[in-house]
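Now for the letters of each chain:
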Amino acid sequence: MNLQDFLIYLATGRLFTWLLQTASLLTPLFQGKLLQELRACDLCLGFWVYLILGLFTRINPLNIWPSIVSKIVTAGLATLMAHLLRIGWTT
């Protein structure tokens, strides 16, 4: 995965996370205390969004581990980077 692909992956995941957090039409999907907490947390919801995005790609982002481990690590790193960028942007 080159830098351009990673930046597109980062922007796409952040867009989906933002849409899931702000879209009023999706409010019925987040019934219950646990799902409402998931929706309110950028890191929590972002990890699952990036993991699902990663599972739909056919590339192995980090070739040093098996594909699924590599995708989980990439989702975690992308979530942290998107969260830090959001914090920086809002401050």
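Computed from a predicted structure; not experimentally measured.

A.B. asks: Honestly, helix H1 (residues 3-22) in this entry has me stumped. Any pointers?
C.D. replies: Within an α-helix, residues lying three or four positions from one another point in the same direction, as the helix has 3.6 residues per turn. In a regular helix each residue adds 1.5 Å, so 20 residues correspond to 28 Å; H1 covers 28 Å between its end C-alpha atoms and thus fits that length. For H1, the full list of buried residues reads Phe6, Tyr9, Leu10, Gly13, Thr17 and Gln21. Along the long axis of H1, the arc covered by the buried residues comes to 100°, so they all point the same way. Residues of H1 that are buried in the fold lie against helix H2 (33-40), helix H3 (42-55) and helix H4 (67-90).

A.B. asks: Is there a simple way to think about the packing of H2 against H3 in this case?
C.D. replies: How two helices pack is summed up by the angle between their axes together with the distance between the axes. At their nearest, the axes of H2 and H3 sit 5 Å apart, and the two run at 90° to each other. Judged by the inter-axis angle, H2 sits roughly perpendicular to H3. Listed contacts from H3 to Leu38, Arg39 and Ala40 of H2 are Asp42, Cys44, Leu45 and Trp48. Of the residues contributing to the contact of H2 with H3, the split by class is five nonpolar, no polar and two charged.

Conventions we followed
- Residues numbered from 1 in each chain as written.
- Predicted model: local features only at pLDDT ≥ 70, side-chain atom pairs only at ≥ 80, totals over all residues.
- Heavy atoms only, no water.
- Helix = DSSP H or I, 4+ residues; strand = E, 2+ residues; numbered from the N terminus.
- Expected span 1.5 Å × (residues − 1).
- Buried < 20%, exposed > 50% of the residue type's maximum accessible area, 1.4 Å probe, protein only.
- Arc of directions from axis to C-beta.
- Contact = heavy atoms within 4.5 Å.
- Axes fitted to C-alpha atoms, helices over the stretch in contact; angles between N-to-C directions.
- Parallel < 35°, antiparallel > 145°, perpendicular 65-115°, else oblique.
- Nonpolar A, V, L, I, M, F, W, Y, C, P; charged D, E, K, R; others polar.

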